[in-house]
Amino acid sequence: MYDMIIIGAGPAGISMATEARSAGIDAAKILILERAAEHSFSIKKYYPDNKLVTANYKGFEAVCTGVMCLVDSSKHETISYLDRTIEANGVAARYNETVYRIDKDASAQRFTIMTDRGRYDTVVVVIAIGILGKPKKPEYRIPASLKDRVVFDVTTADIAGADVLVVGGGDSASEYCQYLVQKGNRVTLSYRRGEFSRMNDINRQSLLALEERAQVAVMRGSNIAAVSDAGGRPAVAFGEAQAEPRTFDYVVYALGGTTPRNFLKTIGIEFNGEEPEMGEAYETNVPGMFLIGDLSAGTKGGSIIWAFNSANTAMRRICRQYLPCSTAPAPAQDAAR
Ligand SMILES: Cc1cc2nc3c(=O)[nH]c(=O)nc-3n(C[C@H](O)[C@H](O)[C@H](O)COP(=O)(O)OP(=O)(O)OC[C@H]3O[C@@H](n4cnc5c(N)ncnc54)[C@H](O)[C@@H]3O)c2cc1C
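Cut-offs and rules
- Residues numbered from 1 in each chain as written.
- Predicted model: local features only at pLDDT ≥ 70, side-chain atom pairs only at ≥ 80, totals over all residues.
- Heavy atoms only, no water.
- Helix = DSSP H or I, 4+ residues; strand = E, 2+ residues; numbered from the N terminus.
- Rg over C-alpha atoms; globule rule 2.2 N^0.38 Å.
- Buried < 20%, exposed > 50% of the residue type's maximum accessible area, 1.4 Å probe, protein only.
- Contact = heavy atoms within 4.5 Å.
- Areas by Shrake-Rupley, 256 points an atom, 1.4 Å probe, with all protein chains shown as cover.
- Salt bridge = Lys/Arg side-chain N within 4 Å of Asp/Glu carboxyl O.
- Near = heavy atom within 4 Å.
- Polar contact = N/O pair within 3.5 Å; in protein donor to acceptor, adjacent residues only side chain to side chain.

Student: Quick question: what am I supposed to make of the overall build of the protein chain here?
Tutor: Across its full length, the protein chain holds seven helices and 19 strands. Relative to a compact globule of 337 residues, whose C-alpha radius of gyration would be 20 Å, the protein chain shows 21 Å and is just as compact. With respect to the principal axes defined by its C-alpha atoms, the protein chain has extents near 65 × 35 × 30 Å. A total of 337 residues make up the protein chain; the buried ones form 52% of that total. Look at the contacts in the protein chain between residues 6 or more apart in sequence, and 67% of them connect residues 24 or more apart. With the model as given, the accessible surface of the protein chain reaches about 15,000 Å², and the carbon-plus-sulfur share is 48%.

Student: Please explain the pattern of salt bridges as it appears in this structure.
Tutor: Pairs can form between side chains of opposite charge once their charged atoms are near each other. For the structure on display, the rule yields 17 salt bridges. Salt-bridge contacts for Glu 38 lead to Lys 44; the nearest nitrogen and oxygen are separated by 3.5 Å. By sharing partners, the salt bridges in this structure join Glu 280, Glu 283, Arg 317 and Arg 320 into a single network.

Student: Is there a simple way to explain the site of the ligand in this structure?
Tutor: Taken together, 31 residues are adjacent to the ligand, and Glu 34, Ser 42, Tyr 47, Lys 51 and Asp 294 come closest. Between the ligand and Thr 54 there is a distance of 2.8 Å, counted from a nitrogen atom to a backbone nitrogen or oxygen. One nitrogen or oxygen atom from the main chain of Ser 303 is found 3.3 Å from an oxygen atom belonging to the ligand. Looking at the shell around the ligand, the elements with two or more residues in it are helix H1 (11-22), helix H2 (41-46), strand S3 (52-53) and helix H4 (171-182).

Remember that the coordinates give geometry; whether it matters functionally is a separate question.
The following block contains the structure:
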């Protein structure tokens, strides 16, 4: 019987384990279950290698309320901070293990978690699986024959010296453009709106500078109507009459992620429209079941500091309501780097 099982070993899951340890929960009573072969899989997959990981991502205030904190860092520094933290925690993480069912005992505060490799009982369950497991896809059909040419990140394929269309208007779209330009690509950005109001200042300025130097061609107010296979390359038709159809070597979508709605519903979480219902401290309608990190951030999406802080908030309630914590959850002490 565990005190706490955490599903997902990203920034939210790792900081949840750290908060629990800092509140005096025995390492042997905490377990992390992660679907991928390693922790922080979303960061490793979606961040361009030379990316600056910003503490105020998406305009969130860079203020840490819990034990973990982040300052502007490189991708490598961020991952190594998460590495060190998970190591120092002494909390067991089981990788390559997928949760498919969670049953709540009706008569006691106890969950049974079923995975493809085992079955575990716990008092509290914290779901920290993020939204990046399923990137948001466009509504039009993308031919299966283009699966290696139409991608949702910049680490899966080594894209260099190519004609690339990036689609999106947020921070990731700008970062993908910056990265692809550095790799010697000819980059076009298609964004449906006229202004880049969703980007932080650094990313907006960087993108506009690339546009000014003609290193990125920006198609503002453009909407893709269809993507077809032109001899193995994506041919893109736009909805606007003035935008000529064009063939690229790659199309990279940066549209964000989607809430894993089916999974959350299967485990009993109720939804309010598109968003899971959450009460105080990100507790769901199922007592003792919490959603943290990107899952708790709503439509705007989350950040690493948001993930860290949400774990601290949840821990405070867990200590009040469910587990015998020996210490109150501590304030921020440590940061990446
Ligand atoms: C391109 C890009 C750039 C970004 N840049 C920044 C930045 O500069 N600064 C910043 O603060 N934020 C940035 N973010 C946002 C930040 O990465 C997220 O807010 C953060 O990773 C959320 O942490 P999380 O733990 O909630 O989710 P994730 O990091 O997505 O971690 C979820 C973990 O759960 C695992 N998982 C998924 N499903 C299951 C399952 N069913 N069972 C078990 N495990 C599962 C995943 O493999 C993953 O390891 C960026 C995001 C993107 C896409």
